[in-house]
Amino acid sequence: MNRTTLSLLAGTAALAAVTGFATLSSPQAATTAGTAAELPVERTSLLCPEPSTSEVAETSYTSFTPVTRNTGNDGKAELKAAAEESDGQSQSQGQSKNKGKSKGRKKPVKPVLTPKEPGTPVTGDTSGGDAPALVGTAEGKFAPGWTVQETTEVAAGVGRGLQGVNCSAPDTEFWFPGASTAADRTDYVHLTNPDDSAAVVDIELYGKDGALDSTLGEGITVAPHSSDPILLSTLTEEKQEDLTVHVNVRSGRVGAAVQALDDKLGGDWLAASTDPSGSLVLPGIPKDATAVRLVAYTPSDSDADLKVRLASPSGLITPAGNETLHVKGGMTTAVDLGDVTRGEAGSLVLTPTDDSVPVVAALRVVRGKGADQETAFIPATRPVGTRATVADNSAKGSTLSLTAPTRTATVKVTASAGSKGGEAVSKTFTIKAGTTQNVEAPTPTGLKGTFALTVEHVSGGPVYGARTLAATEDGVPGFTIQTLPDDRGMVAVPEADEDLSVLQK
């Protein structure tokens, strides 16, 4: 019988490189694992929710992978329509917004994006209210840092304005502070299952007095290769302005995002907050924001007391009248900060006043006045880390905001080649401690089409970022904001000091 010698470490390295589920690279990881080797992820997945049911919706998709060393020459990235094998009605009896529309639909629906080379964005578009959720995979040289942006313009009706979301990786838990079941809101939580087996999901709702009574959110079955948009108001009879939605996956994995549509204030996507933490950063509040509302929740049994500070262009300041925020355990707390930025770039920094209690948080941001108002959301996010990327930028209408809440930091910002032509350009910026800067990001030389922005940490303290897309139409200041967390394109694999092998018969 042949005997095969297998290195445990080599097996771990291979698994990490293929799945990306090993220890993910970060400044902290690089410090503590001094002997770790960083390898590019070799396979990754992204899920894009159904963009809109509006017949006047116009949706564009942009796929981009930054150039990464040591990835080899092979690979591919592809976005395809979810098979929609379910009948649009979840097992929870919650109403899906595509109820009855997707039954039996097997035919792939465009766009299907297939990039040719890392470093150059690829775009596609669709119109109307029949665009499905998309399931994507990237392999080889296209996997590290793969980013897909979904941007939708809705000319009229509920949620009119500009809606944008970064397509997200499947996971097993998500937190969404800032959702609502108020009379003027129509909020859906979109659940997309990329796998061959069904996923079982619980949706829990937490309001100002704690958990809302709801059995319809328990045991929701999401069929394989399908997507269910669940209307939150069907899960509870309570009408609450500020809710925290907790999506917990019992089995399988899903992508999740909340689509928040307002009768008068437009709408946007609410991406998941970063994992519960004692300190949080919410970057990139537009300088012309007319109203900012902070929504926070702690899953802890203990209350959280937080210092509220604004990182402005000149340093950290404390908003008058909102010096601290008290968040009761298991309850959602909201506070209006008004026009907190007062015409300057800003990011919100939350830190514990005493003992650290894990918290999730998000901001609802409004621009415009009267009938010409629009809404976007900023969830608390992870730092840029090693590298972060955001796609679908244009020469006009894109704003890159960076903040260094604790220590001065230096970053390198690269504008990719354009989707229809142009050459990449890079520029270095220093962000002073405690400040937020709307930097003059570079644009590609000879730009044609749209481009991606990649932010790489060079030195100093942690940096957080966000990108705002703006497009005013008929006097309504349409806009959408996406944060820039680390793209998790690299995995840290410890190197062995000796050969740890086992003999397999």
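The coordinates are above.
What you are looking at is a predicted structure, and each value in this text was computed from that prediction instead of being measured.

**As for the environment of N70**
Thinking step 1. Tracing the sequence through the fold places N70 in the loop between β4 (57-64) and β5 (75-81).
Thinking step 2. Residues N70 and P40, 30 residues apart in the sequence, show an inter-C-alpha distance of 7.3 Å.

**Observations concerning the nonpolar core**
Thinking step 1. In terms of nonpolar packing, the biggest core is built from 29 residues, with L282, I285, L294, L325, L348, L350 and L363 touching the most fellow members.
Thinking step 2. A per-element tally of this core places strand β21 (residues 304-312) first, with 4 residues.
Thinking step 3. When residues no more than four places from it in sequence are discounted, the contact partners of L294 are L325, T333, A334, V335, L337, L348, L350, A361, A362 and L363.
Thinking step 4. Core analysis: the next-biggest nonpolar cluster, separate from the first, contains 26 residues, L191, I203, L232 and V258 among them.

**Topic: the sheet that holds strand β29 (residues 398-404)**
Thinking step 1. Read across the sheet, 4 strands follow the order β33-β29-β36-β37 without closing on themselves; strand pairing throughout is antiparallel. Looking at the sheet topology across the chains shown, the edges are occupied by β33 (435-439) and β37 (476-483). Neighbour-to-neighbour, the strand axes of this sheet turn through a mean angle of 25°, independent of strand direction.
Thinking step 2. Summarising the sheet, β29 and β33 pair through 5 bridges and their orientation is antiparallel. Paired with L402 across the two strands is Q437, which belongs to β33.

**Focus: the packing of aromatic side chains**
Thinking step 1. All told, the structure shown has 3 aromatic pairs when counted by the stated rule.
Thinking step 2. For the pair F174 and F176, a centre-to-centre distance of 6.3 Å together with 15° between the ring planes defines the contact as stacked.
Thinking step 3. Here F174 falls in the buried class, since its relative accessible area comes to 7%.
Thinking step 4. In this structure F176 comes out as buried when scored by relative accessible area, which is 0%.
Thinking step 5. Connected via pairs of aromatic rings, a cluster forms that spans W175, Y206 and Y297.

**Points about the state of the cysteines**
Thinking step 1. For the structure shown, the criterion picks out 1 disulfide.
Thinking step 2. Residue C48 pairs covalently with C167 via a disulfide, S to S 2.0 Å. Residues C48 and C167 share a disulfide whose torsion about the S-S bond is about 110°; that sign makes it right-handed. With C48 in strand β3 (residues 43-48) and C167 in the loop between β9 (161-166) and β10 (173-179), this pair connects stretches of sequence that are 119 residues apart.

**Some details on the side chain of S63**
Thinking step 1. In this structure, S63 sits in strand β4.
Thinking step 2. Judged by relative accessible area, S63 falls into the buried class, the value being 2%.
Thinking step 3. Within the structure, the side chain of S63 is placed 2.9 Å from the side chain of W146, a separation counted as a polar contact.
Thinking step 4. Not counting the four nearest positions on each side in its chain, S63 is found in contact with L113, P115, T120, P121, V122, W146, T147 and V148.

**Describing the sheet that holds β3**
Thinking step 1. Read from one edge of the open sheet, 3 strands run β3-β7-β5, paired in antiparallel fashion. The sheet is open, and its two borders are formed by β3 and β5, each paired with just one other strand. Sheet twist, expressed as the mean angle between neighbouring strand axes with direction ignored, is 10°.
Thinking step 2. Across 7 bridges, β5 lies against strand β7 (residues 134-140) in antiparallel orientation. Across the sheet, the residue bridging to G75 is G140, located in β7.

**Brief notes about the pattern of salt bridges**
Thinking step 1. Inspection of every chain in the model, using the stated rule, returns 11 salt bridges.
Thinking step 2. As a salt-bridge pair, K141 and E117 come within 3.3 Å of each other at their nearest N and O atoms. Placement of the pair is K141 in the loop between β7 and β8 (147-154) and E117 in the loop between β5 and β6 (122-127), with a sequence separation of 24 residues.
Thinking step 3. D288 is the partner of R367 in a salt bridge, and the nearest nitrogen-oxygen pair spans 3.0 Å. You can see R367 sitting in strand β26 (residues 360-369) and its partner D288 sitting in the loop between β19 (280-285) and β20 (291-297), a full 79 residues away along the chain.
Thinking step 4. The network of salt bridges with shared partners includes D242, R293 and D336.

Criteria and cut-off values
Residues numbered from 1 in each chain as written. Predicted model: local features only at pLDDT ≥ 70, side-chain atom pairs only at ≥ 80, totals over all residues. Heavy atoms only, no water. Helix = DSSP H or I, 4+ residues; strand = E, 2+ residues; numbered from the N terminus. Core = buried A, V, L, I, M, F, W, Y, C linked by side-chain atoms within 4.5 Å. Buried < 20%, exposed > 50% of the residue type's maximum accessible area, 1.4 Å probe, protein only. Contact = heavy atoms within 4.5 Å. Pairing = 2+ DSSP bridges. Axes fitted to C-alpha atoms, helices over the stretch in contact; angles between N-to-C directions. Phe/Tyr/Trp six-rings, centres within 6.5 Å; stacked < 30°, edge-to-face > 60°. Disulfide = S-S within 2.5 Å. Polar contact = N/O pair within 3.5 Å; in protein donor to acceptor, adjacent residues only side chain to side chain. Salt bridge = Lys/Arg side-chain N within 4 Å of Asp/Glu carboxyl O.

Structural measurements only, silent on function.
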